[in-house]
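Summary of structural features
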Amino acid sequence: MKILFLEAVQDYGGARKSTVELATRLQDKGNEVLVVDFWGSCRPFVKAAEMNNIQLQILDKRDEPILLSSNNKLKQVKNYITYLKKWLYYRKKITKIIRDFKPQMIVVNNVKTLSILRKRVEYKIAYFARGWFLPNSINKFNRFIIRNTTDLYIGVSQSTRQAIYAGGFASLEKIFVIPNAIDFDKMQKIKRNSASLLDWHLEANDRPFIIMDCGGFLPSKGQHITIEIAKGMRDRRINFKFLLVGIIYKGSASEQYCKQLLNEIKKNDLESYFEVVLNENEVIKYFTRMDVLIHPSATEGLPRVVMEAMALGKPVVGNPVGGMTDYILHGFTGFLANYNSVKDYVDYCCELEKNKDLYGFMSKNASQLIERCYTVHNQLNQFSKIVLD
């Protein structure tokens, strides 16, 4: 089968890593895969495609992506004008690429990429919703484009599937779920080469209980909640340390939010409790250092960082949003806090720090869930159902 992934990559976060992995796996199974990126401005994404021998074409080579949103209204208008000037060129160029490549399926994940496509009987357009959303958050213009251009929908989690259905975009039989997948054997090798999961219990020294928050710097990712959690942990006199790991996204909003967080850490005399890691694409080495992952995000599809943590046997405490409820069985594979409840986060982290039997129980269950349910075989099997439909 010929499959074309149409992307407009700004940053190489978890969703883009998952796209490269899926494209590579489909290619390894004998499919012909082509990735088309709008600008080729995200070097780590381009490099990942090249390293996996994936065909890659770029519509309009640029050093920086064309961002539409901005805190400055005048700049936002200019961004839209710049993009609209390019829109016809992009549509013309993708039409030629499609004519030459002859795909049977085109996979997109946002309205920007979807808008330059024309619906044709020669191929199916699959809208891959890698996040979770409130149906009423989609404006009428975007809703019109999605409903009138898309042939089928893919959700990364069951919650995303329900959001697509509840939004009236399609009937359930046209919405498929293809979850993220992981090379579990590779993760176990990393796990064996790292320190024991229960070092803070087994060692005689006073190693702190290490809690990690990993995600791009945006208010919706909830790192400001992490600072409040740190204050609560300090008040309870727990020996702990936070790893705050994340990417500063393109655009001023992410940079400003990151600066705000760093100022809050300093203002509250928390600097000795935090290690901040910025713009590191390969974050798995930090997973082996942590004891617990927290995920106070406001919205999620099926977060990759949670899957990686659980594969390594690290319990997760997170908000009950989107695909988090696919992963976290409360009290079994991790804890679901009441939304942004700082007290819940502190209580659960303290419980895991004090109770090594509970920690070991959750560690084993979390790892087994990922091993059995989020495999490459399962992911490709789900994708084949779309082809056969």
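Not measured: the values here are computed from a predicted model.

1. Section: the overall build of the chain
A tally of regular secondary structure across the chain gives 16 helices and 13 strands. Relative to the 2.2 N^0.38 estimate, which gives 21 Å for 389 residues, the radius of gyration of the chain is 21 Å and therefore close to what a compact globule would have. On the principal axes, the C-alpha backbone points of the chain span a range of 65 × 50 × 40 Å. The proportion of buried residues among the 389 residues of the chain is 52%. As presented, the chain carries roughly 18,000 Å² of accessible surface, and 51% of it is formed by carbon and sulfur atoms. The centroid of the 56 positive side-chain charges in the chain is displaced by 8 Å from the centroid of its 40 negative side-chain charges.

2. Some details on helix α5 (residues 140–149)
Every buried residue of α5 is listed here: Ile145, Ile146 and Thr149. Taken end-on, α5 shows its buried residues confined to a sector of 95°, consistent with a single buried face. Away from its buried face by more than 90 degrees, α5 exposes Lys140 and Phe144. Where the residues of α5 are buried, they touch α4 (111–114), β5 (124–129) and β6 (152–155). Here α5 starts with a cap whose side-chain oxygen sits 3.2 Å from the backbone nitrogen of Phe141, and that cap is Asn139.

3. Some details on the confidence of the model for the chain
Chain-level statistics for the chain give a pLDDT mean of 91 and a share of 96% at 70 or above. Throughout residues 196–202 the model reports pLDDT below 50, and contacts reaching past four residues in sequence, or to other chains, amount to 21 contacts.

4. Things to note about the sheet that holds strand β2 (residues 32–37)
Strand order across the open sheet formed by seven strands is β3-β2-β1-β4-β5-β6-β7, with parallel pairing between neighbours. The two strands at the open ends of the sheet, each matched to only one other strand, are β3 (55–58) and β7 (175–177). Taking each pair of neighbouring strands and ignoring which way they run, the sheet shows an average axis angle of 25°. Along the sheet face, helix α6 (residues 158–166) touches β5, β6 and β7 and points at about 170° away from the line of β7.

5. A few points about the sheet that holds strand β9 (residues 240–246)
Strand order in this open sheet of six strands is β10-β9-β8-β11-β12-β13, and the pairing throughout is parallel. In this open sheet, the two edge strands, each paired with only one partner strand, are β10 (274–278) and β13 (334–336). Between one strand axis and the next, the sheet turns through 20° on average, direction left out of account. Sheet topology note: the β9/β10 ladder contains five bridges and is parallel. In the strand pairing of β10, Gly246 is matched with Leu278. Across the face of the sheet, helix α12 (residues 304–311) comes into contact with β8 (209–214), β11 (292–295) and β12 (316–318) while running at roughly 160° to β11.

6. Examining the environment of Asn109
For Asn109, the location among the structural elements is in the loop between β4 (105–108) and α4. For the pair Asn109 and Lys191, spaced 82 residues apart in the sequence, the C-alpha separation amounts to 32 Å. Of the polar contacts made by the side chain of Asn109, one reaches the side chain of Glu7; its length is 3.4 Å. Engagement of the side chain of Asn109 in a polar contact is seen with the side chain of Asn110, the distance being 3.1 Å.

7. As for the pattern of salt bridges
With the rule as written, the count across this model stands at 18 salt bridges. Between Lys2 and Glu32 there is a salt bridge, and its shortest N-O distance comes to 4.0 Å. Within this pair, whereas Lys2 is found in strand β1 (residues 2–7), its partner Glu32 is found in strand β2, the two being separated by 30 residues in sequence. Residue classification places Glu32 among the partly exposed positions, given a relative accessible area of 35%. One salt-bridge network, in which partners are shared between bridges, spans Glu21, Arg25, Arg304 and Glu308.

8. A closer look at the packing of α12 against helix α15 (residues 356–373)
One way to put it is that α12 packs onto α15 with a least axis distance of 7 Å and a crossing angle of 115°. Residues Met307, Met310 and Ala311 of α12 pack against Ala366, Ser367, Leu369 and Ile370 of α15. Broken down by class, the residue content of the contact of α12 with α15 amounts to six nonpolar, one polar and no charged.

9. Focus on the pairing of β4
Burial of the side chains of β4 extends over both faces: Met105 and Val107 are buried on one face and Ile106 and Val108 on the other. Where β1 lies against β4, three bridges are found, and the strand directions are parallel. Opposite Phe5, over in β4, you have Val107 as the bridge partner. The sheet contact formed by β4 and β5 spans four bridges and is parallel. The residue bridging Met105 from the neighbouring strand is Lys124, located in β5.

Calculation notes
- Residues numbered from 1 in each chain as written.
- Predicted model: local features only at pLDDT ≥ 70, side-chain atom pairs only at ≥ 80, totals over all residues.
- Heavy atoms only, no water.
- Helix = DSSP H or I, 4+ residues; strand = E, 2+ residues; numbered from the N terminus.
- Rg over C-alpha atoms; globule rule 2.2 N^0.38 Å.
- Buried < 20%, exposed > 50% of the residue type's maximum accessible area, 1.4 Å probe, protein only.
- Areas by Shrake-Rupley, 256 points an atom, 1.4 Å probe, with all protein chains shown as cover.
- Lys, Arg positive; Asp, Glu negative; His and termini not counted.
- Charge placed at Lys NZ, Arg CZ, Asp CG, Glu CD.
- Arc of directions from axis to C-beta.
- Contact = heavy atoms within 4.5 Å.
- Polar contact = N/O pair within 3.5 Å; in protein donor to acceptor, adjacent residues only side chain to side chain.
- pLDDT = per-residue confidence, 0-100.
- Pairing = 2+ DSSP bridges.
- Axes fitted to C-alpha atoms, helices over the stretch in contact; angles between N-to-C directions.
- Salt bridge = Lys/Arg side-chain N within 4 Å of Asp/Glu carboxyl O.
- Nonpolar A, V, L, I, M, F, W, Y, C, P; charged D, E, K, R; others polar.

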